[in-house]
Amino acid sequence: MRVRVLGGIGEIGGNKVLVECGDRGVLLDFGASYQRESLYFDPPFLAPTDVGDMLKTGLLPRVGGLYGPNAWDGGAVLISHAHWDHIGYAPVLGPGTRVFVGEAAWSIVEAREELSARRDWRRRFDHLSVETFSTGREIEPAGDFQAIPIHVDHSIPGSYGFLVRCGGESLAYTGDLRFHGEKGYLTEDFVEAAREEGIGTLITEGTNLAPEGDPESAVIRLIEAMASAKMGSRVPKRVRLEARSEREVGERMGEVLEERPDSLVVVDSGPADVDRIRTVWRVAGSVGRRLVMSESHAVIVDRLGRSGLVGDLPRGGDYDLLLRKKKLRGGSGEAYLEGRSRAVRSLAEGFGGEVMWGEEGRGRLLRDGAGYIVLTANPARLLKDLLPPSGIDAGITFVMSRSEPFSEETALGLDRVLGWLSLYGVDVYYRIHVSGHAYPEDLARMVSEVDPQVVIPIHSLHPDLLRAYLPRQIRGRVRLPEEGAPLTVPRSAR
């Protein structure tokens, strides 16, 4: 087997790893490159028109047969999870290309498609030959390849690592994983399977390999400095509350609510971060507040709950649904649903909790804010919609609680959030999160236990730092890949 890393080098995300055996290949993920894409495009104002735009800017690797009018007949694609930096460029693959995705991950992809009002060619999957899998099932993606997906813990459900075999050789690919989440035991299962396999090569994520313990901090400080230059002393200051596990995230949030009992609490979190949704739901219940979810959170939670693939999720009667503001003025609740995505309309009809819409619903959130926690993926838009023309005297407590590294879009969004918070008179906001990715010390332990002959770190701004955390005797096994350059997989130890 040969490995060619086509994306995810020197950046967080954009994973594309081609494993070749004979005349066949398997792509491990085919993710969007936020960092590179932001150099050339600014959707929707300046977006790629076609595959040619993405090829000439280097967003897509030049691999023959991937993007034509027919299916890629050279192999198949294995997707580790539903985050866009791992699956986001799959829609540009040729019609009929075989793509393997975990069952829960595919439910999330379908929910996102249903939420989208636009038919963006870069977000459509209906032309692909998609096959779903569950953990432990052996897949035969192409030629003599065998792949075994193994569930891992990450900040989104349905995340997998893979064992890949061909020609008497084998490798392991981590996708994105962590050991400190609520289901860290799943990641331990992956490590044990890779160790027993006796793999020759381990391809691992390295998101948290950084000179400072929290690689997002420098980005956030830069955004805050820019906001301060615009707003002066009015910019809200960040209070960072340390957490090393999801349980501690809940504890820190509970402490904030005890200190701010009279204000409406707004929590910014990804709509597919199920662990964080559970945490906010539990915290709300513990302090007697009602959870209110945005459309995107509610649709994904509803789909995952009905699928039976993910348990212990709030159901319709456990929370209220907040419909975002529309241009429509007045009218009934039915009229307010006109123009919504099919997924939102379906959820709202017969919903077990309260559907909040229009000025009355948003006004109640502000008036009775002490009784609610609002979970949103777009806090700037929420704050804009809530603020009445006459301003506001009621308090707002904002908690930034995303588990994923900042993308360009998220970073720009925080700049806008700080501006809107200043209109509410907010002087401080809170950052309470725990990473969706393994800490460097955990990566080092994983490498030591798996004991591969070659380690390839990707999905990292500082992959070279992996050596510093490894025992001295195995530091020489780390290989820093060059984009597209082949690396031979050594024969497995088993």
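Thresholds, definitions, all that
- Residues numbered from 1 in each chain as written.
- Predicted model: local features only at pLDDT ≥ 70, side-chain atom pairs only at ≥ 80, totals over all residues.
- Heavy atoms only, no water.
- Phe/Tyr/Trp six-rings, centres within 6.5 Å; stacked < 30°, edge-to-face > 60°.
- Helix = DSSP H or I, 4+ residues; strand = E, 2+ residues; numbered from the N terminus.
- Buried < 20%, exposed > 50% of the residue type's maximum accessible area, 1.4 Å probe, protein only.
- Contact = heavy atoms within 4.5 Å.
- Polar contact = N/O pair within 3.5 Å; in protein donor to acceptor, adjacent residues only side chain to side chain.
- pLDDT = per-residue confidence, 0-100.
- Pairing = 2+ DSSP bridges.
- Axes fitted to C-alpha atoms, helices over the stretch in contact; angles between N-to-C directions.
- Salt bridge = Lys/Arg side-chain N within 4 Å of Asp/Glu carboxyl O.
- Left-handed = near helix turned anticlockwise from the far one by under 90°.
- Core = buried A, V, L, I, M, F, W, Y, C linked by side-chain atoms within 4.5 Å.

### Description of the packing of aromatic side chains
Point 1. Overall, the coordinates contain 7 aromatic pairs when judged by the stated rule.
Point 2. Consider the rings of phenylalanine 398 and tyrosine 429, whose centres lie 6.1 Å apart with planes at 40°: the pair is tilted. Here phenylalanine 398, found in strand 17 (residues 396-400), pairs with tyrosine 429, found in strand 18 (residues 428-431); they are 31 residues apart in sequence, far enough to count as distant. One exposure class covers both phenylalanine 398 and tyrosine 429, and it is buried.

### Side note on the environment of arginine 62
Point 1. Relative to the helices and strands, arginine 62 is located in the loop between helix 2 (51-56) and strand 4 (75-78).
Point 2. For the pair formed by arginine 62 and arginine 315, sequence separation is 253 residues and the distance between their alpha carbons is 45 Å.
Point 3. Arginine 62 has contacts with Leu55 and Lys56, leaving out every residue within four places of it along the chain.
Point 4. Polar side-chain contacts of arginine 62 include one of 3.5 Å to the backbone oxygen of leucine 55.

### Some remarks on the confidence of the model for the protein chain
Point 1. Predicted confidence across the protein chain gives a mean pLDDT of 89, with 91% of residues reaching 70 or more.
Point 2. Highest mean pLDDT in the protein chain belongs to strand 5 (residues 98-102) (98); lowest belongs to helix 10 (residues 333-337) (66).

### Points about the sheet that holds strand 2 (residues 16-21)
Point 1. In spatial order, the strands read 6-5-4-3-2-1-20; together these 7 strands make up an open sheet with mixed pairing. Where the open sheet ends on each side, the last strands, each with one partner, are strand 6 (129-133) and strand 20 (486-488). Neighbour-to-neighbour, the strand axes of this sheet turn through a mean angle of 25°, independent of strand direction.
Point 2. Judged from the 3 bridges that link them, strand 1 (residues 2-7) and strand 20 form a sheet pairing that is antiparallel. If you follow arginine 4 over to strand 20, its bridge partner there is proline 486.

### Observations concerning unusual backbone geometry
Point 1. One non-glycine residue, aspartate 312, lies in the positive phi region at around 55°.
Point 2. Note that aspartate 312 resides in the loop between helix 9 (295-307) and strand 14 (320-322).
Point 3. If you check the backbone angles, histidine 459 has positive phi at about 55° while not being a glycine.
Point 4. Considering the arrangement of structural elements, one finds histidine 459 in the loop between strand 19 (454-458) and helix 16 (466-469).

### What about the pattern of salt bridges?
Point 1. Taken as a whole and assessed by the stated rule, the structure comprises 32 salt bridges.
Point 2. Of the charged contacts, one joins arginine 278 and glutamate 182 as a salt bridge, the two residues approaching to 3.8 Å between their closest N and O atoms. Here arginine 278 is found in helix 8 (residues 274-286), whereas its partner glutamate 182 is found in the loop between strand 9 (169-173) and helix 5 (184-197), with 96 residues between them in sequence.
Point 3. Taking the shortest distance from any N to any O, the salt bridge between arginine 276 and glutamate 246 comes out at 2.8 Å. With a gap of 30 residues between them, arginine 276 in helix 8 and glutamate 246 in helix 7 (residues 246-259) connect regions that are remote in the sequence.
Point 4. Arginine 276 gets classed as buried once you look at its relative accessible area, which sits at 0%.
Point 5. What you see here is one network of salt bridges that share partners, running through Asp153, Arg178, Glu182, Asp275, Arg278, Arg282 and Asp312.

### A short note on the packing of helix 7 against helix 8
Point 1. Direction vectors running N to C along helix 7 and helix 8 enclose 40°, while the axes themselves pass 10 Å from each other. When you trace helix 7 past helix 8, the crossing you get is right-handed. Along the contact surface, helix 7 presents Glu246, Val249, Gly250, Met253, Gly254 and Leu257, while helix 8 presents Asp275, Arg276, Thr279, Val280 and Val283.

### What to know about the nonpolar core
Point 1. Judged by nonpolar contacts, the single largest core of 73 residues is most densely connected at Phe30, Leu60, Tyr67 and Leu93.
Point 2. Per-element accounting of this core gives the leading share, 6 residues, to helix 4 (residues 103-115).

### Considerations on the environment of glutamate 258
Point 1. Mapped onto the elements, glutamate 258 comes out in helix 7.
Point 2. For the pair glutamate 258 and valine 287, spaced 29 residues apart in the sequence, the C-alpha separation amounts to 8.3 Å.

### Section: the environment of arginine 98
Point 1. Mapped onto the elements, arginine 98 comes out in strand 5.
Point 2. Along the chain, arginine 98 and aspartate 73 lie 25 residues apart, while their C-alpha atoms are 8.9 Å from each other.
Point 3. Apart from residues lying up to four places away in sequence, arginine 98 is in contact with Ala76, Val77, Ser129, Glu131, Glu140 and Pro141.
Point 4. Here the side chain of arginine 98 touches glutamate 131 through a polar contact of 2.9 Å, side chain to side chain.

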